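Here are the chains, one letter per residue:
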Amino acid sequence: MDLKMFLVFTAFLLHATLGFPIQENYENSTTTTEPTEVTTQEDIYESPLPTETDSEDDVIFNRILKVNKDSSQFLQEGDIVPKRSRSAINCRHCNWPQSSDGIVRVPYVLDPTYEESHIKGILDAMAEFEALTCINFVKRKTERDYISIKSADGCWSNYGKVGGGQTVSVMKGGCMWKGVIQHELEHALGFLHEHSRSDRDNHVKIMWEYISPADRPDFRKFENSNNLGLPYDYSSVMHYGPYTFTNTTGQATIVPIPDGSVHIGQRHGLSNLDVAKINKLYNCSRCSTILDAVSGSLRSANHPRNYSDNTNCVWLIRTRSGKIFLHFEAFELQTTRGCQGDYVKVYDGSSKSSAVLMDKTCGSKIPNDIVASSNLMLVEFVTDGAGTASGFQAAFTTVRIQRKSGTHN
């Protein structure tokens, strides 16, 4: 092991107590622990990541409201085009069709005024759906029903499939955050805001006294909503923030109950429950988990006992900042030619279209440690039906790698 990797790995061991269980539930994990910082004389300096300020850490919906305040579009709940009187959570005939292979393909066209960076941001947001669910956004050919993603006057969408070409507005300069894009795409898939659920009063209290009469319809709930048998999700990308539409500075409009300190809303992307709801609504057979703590672990099902045949699972590791460091603690997969049967593959990003950090790997040799180029990493585990082994276990943490000042010009 060279000096650089030794120092990184030493810091990794000191930083993380890696006794985390596999995260098989749907709850997102949260932590405020700072990433490990490793200083070395090797020429591995990385330009600093953007610093997250309170403003940049706004929940998704706060950003949407800021942009939409000047929109000429009539919107319900801040960003929904009122095409029909219905509950999207319980809408009928408004889902996008599922193909015989189980994939739900949603055709789209992109505004030609988007620049390369805008297109990349939109495609990255779409690719995360594809990695975690059976939803695939595909370029439109001749399909009658499709979404038209435009840089209109704000961040807004219809909800569900309404027929023909329907607009999803992702304005340049105002809506180009992954979480915002995914929020509007979820509306188009047939989901309303989380606080609109019929059971919301069991989980949050609406502070009507801090909501102006004109804004109160945006806090309505749908008594007939189909909540899909899944828990209320405070961390959903579809949840209002605590101060959404407040008419009194510092006074929340939505307070979690019974614990008012629970954080609601976020801007980083789909939550585990967002993924679970999409997969359940669309009958998706998907094995996917989001790991969003600073450090943690993942392992194949049943490890250290033998894993099952015909498995296809992914783990999206998504930390707040820094770079993801992955260390395999145990590794035993059936060996096949070219690892075409059972394998683990690691991507440098949030989707299978990202660069490959570790190509298909099998056998019993523990792979080398891996450092991503950002705060996103996707781990894929695939097995066939020809035999099993004990599988793998890995631990991850977040590192910032910097060289000593003055070492290089």
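Residues numbered from 1 in each chain as written. Predicted model: local features only at pLDDT ≥ 70, side-chain atom pairs only at ≥ 80, totals over all residues. Heavy atoms only, no water.

What the chain contains, in helices and strands, is 5 helices and 17 strands. Taking the intrachain contacts of the chain between residues at least 6 apart in sequence as the baseline, contacts between residues at least 24 apart amount to 78%. (Helix = DSSP H or I, 4+ residues; strand = E, 2+ residues; numbered from the N terminus. Contact = heavy atoms within 4.5 Å.)

Before going further, it helps to spend a moment on helix α5 (residues 272-281). Across the 10 residues of α5, 9 count as buried, placing the element largely inside the fold. When α5 is considered as a whole, its buried residues turn out to be Asn272, Leu273, Asp274, Val275, Ala276, Lys277, Ile278, Asn279 and Leu281. Those residues of α5 that are buried are in contact with α3 (116-132), β3 (135-139), α4 (178-189) and β9 (287-291). Asn283 sits one or two residues past α5 and shows a positive phi near 55°. (Buried < 20%, exposed > 50% of the residue type's maximum accessible area, 1.4 Å probe, protein only.)

Once that is clear, we can look at the sheet that holds strand β16 (residues 376-382). Strand order in the open sheet made by the 5 strands is β9-β11-β16-β13-β14, with mixed pairing throughout. If you trace the sheet from one side to the other, it starts and ends with β9 and β14 (356-361), each paired once. Across the sheet, the axes of successive neighbouring strands diverge by a mean angle of 15°, strand direction being ignored. Here β9 runs beside strand β11 (residues 312-318); their pairing, made up of 5 bridges, is parallel. Each residue of the ladder has a partner; that of Cys287, found in β11, is Cys313. (Pairing = 2+ DSSP bridges. Axes fitted to C-alpha atoms, helices over the stretch in contact; angles between N-to-C directions.)

Of all 6 residues that make up strand β6 (residues 165-170), 5 are buried, and the element is covered over most of its length. Pairing geometry for strand β4 (residues 146-150) and β6, over 5 bridges, is parallel. Note on β6: the bridge partner recorded for Ile147 is Gln166. Note that strand β5 (residues 155-157) and β6 share 3 bridges and pair antiparallel. Its bridge partner being in β6, Ser157 is matched across the sheet by Val168.

Moving on, we get to the packing of aromatic side chains. The way to describe two aromatic rings as a pair is by their centre distance and the angle between their planes. For the structure shown, the criterion picks out 11 aromatic pairs. The interplanar angle of 65° and the centroid separation of 5.3 Å between the aromatic rings of Tyr232 and Tyr234 together place this pair among those described as edge-to-face. Owing to a relative accessible area of 19%, Tyr234 belongs among the buried residues under this scheme. Seen from their ring centres, Phe328 and Phe392 are 6.1 Å apart, and the 65° between their planes marks the pair as edge-to-face. Of this pair, Phe328 sits in strand β12 (residues 323-332) while Phe392 sits in strand β17 (residues 391-403); the two residues are 64 residues apart in sequence, bridging distant segments of the chain. Grouping residues by exposure puts Phe328 and Phe392 together as buried. (Phe/Tyr/Trp six-rings, centres within 6.5 Å; stacked < 30°, edge-to-face > 60°.)

Between side chains of opposite charge, a pair can form when the charged atoms approach closely. If you walk through the whole model with that rule in mind, you get 14 salt bridges. The partner of Asp145 in a salt bridge is Arg144, and the shortest N-O contact between them spans 2.6 Å. Judged by relative accessible area, which is 61%, Arg144 ranks as exposed. Salt-bridge contacts for Asp199 lead to Arg197; the nearest nitrogen and oxygen are separated by 2.8 Å. For Arg197, a relative accessible area of 3% translates into the label buried. Within the structure, one salt-bridge network assembled from shared partners comprises Glu194, Arg197, Asp199 and Lys277. (Salt bridge = Lys/Arg side-chain N within 4 Å of Asp/Glu carboxyl O.)

With an omega of 5°, the peptide bond between Ile257 and Pro258 qualifies as cis. Of note, Phe245 is a non-glycine position whose phi angle comes to about 65°, a positive value. As for its placement among the helices and strands, Phe245 is situated in the loop between β7 (204-206) and β8 (254-256). What makes Phe245 buried here is its relative accessible area of 17%. Despite not being glycine, Asn283 has its phi angle at roughly 55°, a positive value. Summarising the element assignment, Asn283 is placed in the loop between α5 and β9.

The strands that make up a sheet are held in pairs by hydrogen bonds between backbone atoms, and each pair lies either parallel or antiparallel. Spatially, the 5 strands line up as an open sheet ordered β3-β2-β4-β6-β5, and their pairing is mixed. The open sheet has two edge strands, β3 and β5, and neither has a second partner. Within the sheet, the average angular offset between the axes of one strand and its neighbour, ignoring direction, is 30°.

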